[in-house]
Amino acid sequence: MTFCSACGERVEAVRPFACEHCGEQFWANPRPCAGVLVEHEGEVLLIRRAHEPWIGTWDVPGGFCEVGEHPERTALRELEEETGITNVELADQLGMWMDTYGPAEHPLSILNVYYVALASGERPVPELDPVEASEFGWFGPDALPEMGFPNHQPAVLQAWAASYEARR
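Residues numbered from 1 in each chain as written. Predicted model: local features only at pLDDT ≥ 70, side-chain atom pairs only at ≥ 80, totals over all residues. Heavy atoms only, no water.

(A) Inspection of the overall build of the chain at higher detail. For the chain, the count of helices and strands is 2 helices and 9 strands. Starting at the N terminus and walking to the C terminus, you meet the elements of the chain as β-β-β-β-β-β-α-β-β-β-α. Projecting the C-alpha coordinates of the chain onto the three principal axes gives extents of approximately 60 × 25 × 25 Å. Here the chain holds 168 residues, and 41% of them are scored as buried. Across the chain, every contact between residues at least 6 apart in sequence was considered, and the portion connecting residues at least 24 apart equals 62%. Total accessible area computed for the chain in this model is approximately 9500 Å², and 50% of it derives from carbon and sulfur atoms. (Helix = DSSP H or I, 4+ residues; strand = E, 2+ residues; numbered from the N terminus. Buried < 20%, exposed > 50% of the residue type's maximum accessible area, 1.4 Å probe, protein only. Contact = heavy atoms within 4.5 Å. Areas by Shrake-Rupley, 256 points an atom, 1.4 Å probe, with all protein chains shown as cover.)

Now the structure itself:
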């Protein structure tokens, strides 16, 4: 940050800090994100990232929450933006995981909320946004690929696999 968003004064500090001019406080709070594991007939939909970070790795559709947006809505919005899929129903919140995002010298702390969604009827065929994803795949619990975001997504997939087995 270069300027205080409350009073406009120049700020030369790393969060957390308070503006020396007006006292406004700025914290290094995590940014909320949400993702959705779309499940159909025992397999989960994953996409291959088309941008950094972790370009070329497998990922769960998801992204950052908008201001005031509930993570459930974020998960469904991001799924639609990245894959075009809209015919799913959220079944359960899978859990929450912490991680970082962005360049190593200035990473954002993020809180990821993941949901399981069930696709009814025929298996959805994603229409990928090429800016977001270069490929999609359906994976069973015993054939999960190596993921991007290795500090939390392997645990997310393990939780999904355990959740799937418990629901069978």
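(B) The packing of aromatic side chains, seen in detail. This structure, assessed with the given rule, holds 7 aromatic pairs. Measuring from ring centre to ring centre gives 5.2 Å for Phe-64 and Tyr-101, while their planes differ by 90°; the resulting arrangement is edge-to-face. Of the two residues, Phe-64 sits in strand β6 (residues 62–64) while Tyr-101 sits in strand β7 (residues 88–101), which places them 37 residues apart along the sequence. Ring plane angle 15° and centroid distance 6.0 Å describe the contact between Tyr-101 and Phe-149, whose orientation is recorded as stacked. You can see Tyr-101 sitting in strand β7 and its partner Phe-149 sitting in the loop between β9 (133–139) and α2 (153–167), a full 48 residues away along the chain. Take Phe-149: its relative accessible area is 7%, and that puts it in the buried class. By way of ring pairs, the aromatic residues Trp-54, Phe-64, Tyr-101 and Phe-149 are connected into one cluster. Residue placement shows Arg-123 over the ring face of Trp-138; its charged tip is 4.7 Å from the ring centre. (Phe/Tyr/Trp six-rings, centres within 6.5 Å; stacked < 30°, edge-to-face > 60°. Lys NZ or Arg CZ within 6 Å of the ring centre and 35° of its normal.)

(C) Just the layout of surface pockets, in detail. The computed volume of the largest pocket comes to approximately 450 Å³. If you go around the largest pocket, you meet 14 residues; those closest to its centre are Val-14, Arg-15, Ala-28, Pro-107 and Leu-108. The residue makeup of the lining of the largest pocket, split by class, is 8 nonpolar, 3 polar and 3 charged. Volume-wise, the second largest pocket comes out at about 260 Å³. When residues of the lining of the second largest pocket are traced back to their parent elements, those giving at least two are β3 (31–40), β6, α1 (71–83) and β8 (108–119). For the lining of the second largest pocket, a count of residues per class yields 9 nonpolar, 7 polar and 6 charged. (1 Å grid on protein atoms, 1.4 Å probe; cavity = no way out; pocket = protein on both sides within 12 Å on 5 of 7 lines; lining within 4 Å. Points joined across faces, edges and corners; volume = space filled by probe spheres on them. Nonpolar A, V, L, I, M, F, W, Y, C, P; charged D, E, K, R; others polar.)

(D) Spatial organisation of α1. Relative to the 18 Å expected for 13 residues at 1.5 Å per residue, α1 spans 18 Å between its end C-alpha atoms, a close match to the ideal helical length. Within the span of α1, buried status applies to Pro-71, Thr-74, Ala-75, Arg-77, Glu-78, Leu-79, Glu-82 and Thr-83. Looking at the buried residues of α1, the elements they touch are β3, β4 (43–49), β6, β7 and β8. Where α1 ends, the next residue or the one after it, Gly-84, has phi of about 80°, a positive value. (Expected span 1.5 Å × (residues − 1).)

(E) Quick look at the state of the cysteines. Under the counting rule described, the total for this entry stands at 0 disulfides. Cys-7 takes part in no disulfide bond, and the closest cysteine sulfur to it belongs to Cys-22, at a distance of 3.6 Å. With a relative accessible area of 40%, Cys-22 lands in the partly exposed category. (Disulfide = S-S within 2.5 Å.)

(F) Structural detail: the nonpolar core. The biggest cluster of nonpolar side chains holds 16 residues, and the ones touching the most others in it are Leu-37, Leu-46, Leu-94, Tyr-114 and Trp-160. Sorting the residues of this core by element identifies β4, β7, β8 and α2 as the ones contributing at least two each. Element by element, the count of residues in this core is highest for α2, at 5 residues. Contacts of Tyr-114, omitting those with residues within four sequence positions, involve Gly-35, Leu-37, Val-60, Gln-93, Leu-94, Gly-95, Trp-97, His-152, Gln-153 and Val-156. Listed in part, the 13 residues of the second largest apolar core include Ala-34, Val-36, Val-38 and Leu-45. (Core = buried A, V, L, I, M, F, W, Y, C linked by side-chain atoms within 4.5 Å.)

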